[in-house]
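If you want the building blocks of each chain, they are given just below.
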Amino acid sequence: MAITIKKAKRINELPPYLFAEIDRRKREALARGVDLIDLGVGDPDIPTPQEIVEKLMQGASKPANHRYPNSAGLLEFRQAVADWYQQRFRVKLDAVKEVVSLIGSKEGIANMAVAFVDPGDIVLVASPCYPVYHVGTSFCGGRSYFLPLSKENHFLPDLEAIPAEVARQAKMLWINYPNNPTAAVAEKEFFVRVVEFAHRHSLIVCHDAAYTEMGFDGYRPMSFLEVDGAREVGIEFHSLSKTFNMTGWRIGMAVGNQELVAGLSQVKSNVDSGIFQAVQEAAIEALRLGDEIVAPSRRIYQERRDILVSGLCGAGLECEKPRATFYVWVSVPKGLTSAQFTASLLDEAGVITTPGNGFGEAGEGYVRFTVCVGKERLKEVTDRIRQVRF
Ligand SMILES: *Cc1c(COP(=O)(O)O)cnc(C)c1O
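Note that the structure is predicted; figures quoted are calculated from it, not measured.

What counts, and at which threshold
- Residues numbered from 1 in each chain as written.
- Predicted model: local features only at pLDDT ≥ 70, side-chain atom pairs only at ≥ 80, totals over all residues.
- Heavy atoms only, no water.
- Helix = DSSP H or I, 4+ residues; strand = E, 2+ residues; numbered from the N terminus.
- Rg over C-alpha atoms; globule rule 2.2 N^0.38 Å.
- Buried < 20%, exposed > 50% of the residue type's maximum accessible area, 1.4 Å probe, protein only.
- Contact = heavy atoms within 4.5 Å.
- Areas by Shrake-Rupley, 256 points an atom, 1.4 Å probe, with all protein chains shown as cover.
- Lys, Arg positive; Asp, Glu negative; His and termini not counted.
- Charge placed at Lys NZ, Arg CZ, Asp CG, Glu CD.
- Salt bridge = Lys/Arg side-chain N within 4 Å of Asp/Glu carboxyl O.
- Domains from an automatic or database assignment.
- Buried area = accessible area lost by both parts, 1.4 Å probe.
- Core = buried A, V, L, I, M, F, W, Y, C linked by side-chain atoms within 4.5 Å.
- Near = heavy atom within 4 Å.
- Polar contact = N/O pair within 3.5 Å; in protein donor to acceptor, adjacent residues only side chain to side chain.
- Nonpolar A, V, L, I, M, F, W, Y, C, P; charged D, E, K, R; others polar.
- Axes fitted to C-alpha atoms, helices over the stretch in contact; angles between N-to-C directions.
- Left-handed = near helix turned anticlockwise from the far one by under 90°.
- Phe/Tyr/Trp six-rings, centres within 6.5 Å; stacked < 30°, edge-to-face > 60°.
- Lys NZ or Arg CZ within 6 Å of the ring centre and 35° of its normal.

A separate point is the overall build of the protein chain. Across its full length, the protein chain carries 15 helices and 13 strands. Taking 390 residues into account, the globule formula puts the C-alpha radius of gyration at 21 Å, and the protein chain, at 21 Å, falls close to it. Along the three orthogonal principal directions, the C-alpha set of the protein chain runs to about 65 × 60 × 55 Å. When each of the 390 residues of the protein chain is scored for burial, the buried share is 57%. Within the protein chain, residue pairs in contact and separated by at least 24 positions form 74% of the contacts whose partners lie at least 6 positions apart. On the protein chain, roughly 17,700 Å² of surface is accessible, and the fraction owed to carbon and sulfur atoms is 53%. Looking at charge distribution, the protein chain has the averaged site of its 45 positive side-chain charges lying 3 Å from that of its 48 negative ones.

On to the side chain of Arg78. Counting through the fold element by element, Arg78 comes out in helix α4 (residues 75-89). In this structure Arg78 is buried but unpaired, with Glu76 as the nearest side chain of opposite charge at 7.4 Å. Non-local contacts of Arg78, meaning those with residues more than four positions away in its chain, are made with Asn70, Ala72, Gly73, Ala95, Val96, Val99 and Val100.

Moving on to the domain arrangement of the protein chain. Partitioning the protein chain into domains gives domain 1 (9-47 + 293-386) and domain 2 (50-290). Centre-to-centre, using C-alpha coordinates, domain 1 lies 25 Å away from domain 2. Listed as interface residues are 32 residues of domain 1 and, on the opposing side, 36 residues of domain 2. Of the roughly 3,000 Å² buried at the junction of domain 1 and domain 2 (both faces included), carbon and sulfur atoms supply 59%. Three residues, Ile293, Arg323 and Thr325, lead the burial of domain 1 against domain 2; their summed loss comes to 23% of the area buried on that side.

Moving on to the nonpolar core. Counting 87 residues, the largest nonpolar core has Met112, Leu124, Trp174, Phe224, Phe237 and Leu240 as the members making the most contacts within it. Among the elements that make up this core, the one with the highest residue count is α4 (7 residues). Taken domain by domain, the makeup of this core includes at least three residues from each of domain 1 (9-47 + 293-386) and domain 2 (50-290). When neighbours within four sequence positions are excluded, Phe224 is seen to be in contact with Ile175, Phe191, Val194, Val195, Val205, His207, Ala230, Val233, Gly234 and Glu236.

The next thing to look at is the site of the ligand. By nearness alone, 15 residues border the ligand, and Asp208, Tyr211, Ser239, Ser241 and Lys242 come closest of all. Interatomic distance of 2.7 Å between a backbone N/O atom of Ser105 and an oxygen atom of the ligand. One nitrogen or oxygen atom from the side chain of Tyr211 is found 2.6 Å from an oxygen atom belonging to the ligand. In the complex, 94% of the free accessible area of the ligand, which totals 390 Å², lies under the protein chains. Elements with a minimum of two residues in the shell around the ligand: α5 (105-116) and α10 (240-243). Residue composition of the shell around the ligand, grouped by class: 5 nonpolar, 6 polar and 4 charged.

Contact geometry of α5 with helix α6 (residues 132-139) gives a least axis separation of 7 Å together with a crossing angle of 40°. The way α5 lies across α6 gives a crossing that is right-handed. Residues Lys106, Ile109, Ala110 and Ala113 of α5 touch α6, and the partners they reach there are Val132, Tyr133, Gly136 and Thr137. Per-class residue counts for the contact of α5 with α6 are 5 nonpolar, 2 polar and 1 charged.

Positionally, Arg368 belongs in strand β13 (residues 366-370). No salt bridge forms around the buried Arg368; measuring N to O, its nearest opposite-charge neighbour Asp38 is 8.1 Å away. Looking at Arg368, its side chain comes within polar contact range of the main-chain oxygen of Gly40, at 2.8 Å.

This next bit is on the packing of aromatic side chains. The full count for this structure, using the stated rule, is 15 aromatic pairs. Note on Phe191 and Phe224: the rings are 5.8 Å apart at their centroids and 65° apart in plane angle, and the pair reads as edge-to-face. In this pair, Phe191 is assigned in helix α8 (residues 188-201) and Phe224 in the loop between β6 (204-208) and α9 (230-233), connecting sequence segments 33 residues apart. With a relative accessible area of 1%, Phe191 lands in the buried category. A ring pair is formed by Phe326 and Tyr327, whose centres lie 5.0 Å apart and whose planes are at 80°; its orientation type is edge-to-face. For the pair shown, Phe326 and Tyr327 are each scored as buried. Lying over the aromatic face of Tyr219, Arg323 brings its terminal NZ or CZ to 4.1 Å of the ring centre.

Listed below in structure tokens is the structure:
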């Protein structure tokens, strides 16, 4: 007889899966033979540059790489990260103490809570946001306190609006600029305010910097660690995924405050055994080539952004041209909810988008488009949307 299998509370307490309804409609449309265009997932369609693939192939045939890697990462990889930070941001890092490799930044983001969040701790998280910040928190029994982002505050959290009692108790703050899903960017003044706030309330700052290399029109987003005092309070998460079109490879890094890096490394050494060294060798090559191989994809995304934004504006929708990321955050037409608008884009135009409230309550009123399909398909998207009556 089968035993009764009961999931852990942390799984049962996850918020309901908001995309189930979209998945259902998507399957129906596919069954009807609709030519769907998927602007839902933030996953580059551009292949990884060939130089990086070559390095992997060379590394894969070396027996030394067939053994367990070190969970903190090859020293050569961590040094390549430090060199890249120096060259790109003028931030000096100690490769041994201030850098740890990650199996994609998602892994590190989730494990950050394992290292530093105790049951009952308050973690400050934006709404809308990349979901792992609060899921990681909740898995560890922490409580997320949501900071609403809005167009009026340029999608930056208003730290002064946080009740004194909450700020006093908060253990950690998550920020992410350039931002997913809103595509907002932050200037130095914002990071300076964050550092000051963190010192004042003695809290840890985690900056998710996944999109710093995807700035457009010459805009170069900064590292949080460029700000004075940031290293005393913070850690920055970075990833090769979006920068080098390497989402499938699973490699990223966390850098910054020594104690934060050490805590995260300690968790990791107990639960994982690092990244295949051939992948690390390929990543070293990616970081070494840097902008030489990033610039071409940045140009492609910029051109696509222009096509999508001007097409959506032409269709009467309200959106701003993002200065970074491969997302476009579009206001929902009056009288519709995010879910209704997403559904009508799917049913009437065969275009998949993500409803803003899927990233948190404050995302209601928006939908997120990605530009992870080619130019011709994006033109097709805007042609189709122009035919839809909202
Ligand atoms: C894609 C993404 C990540 C995760 O990237 P990895 O592939 O796990 O490195 C982290 N944060 C944000 C905001 C993202 O959009």
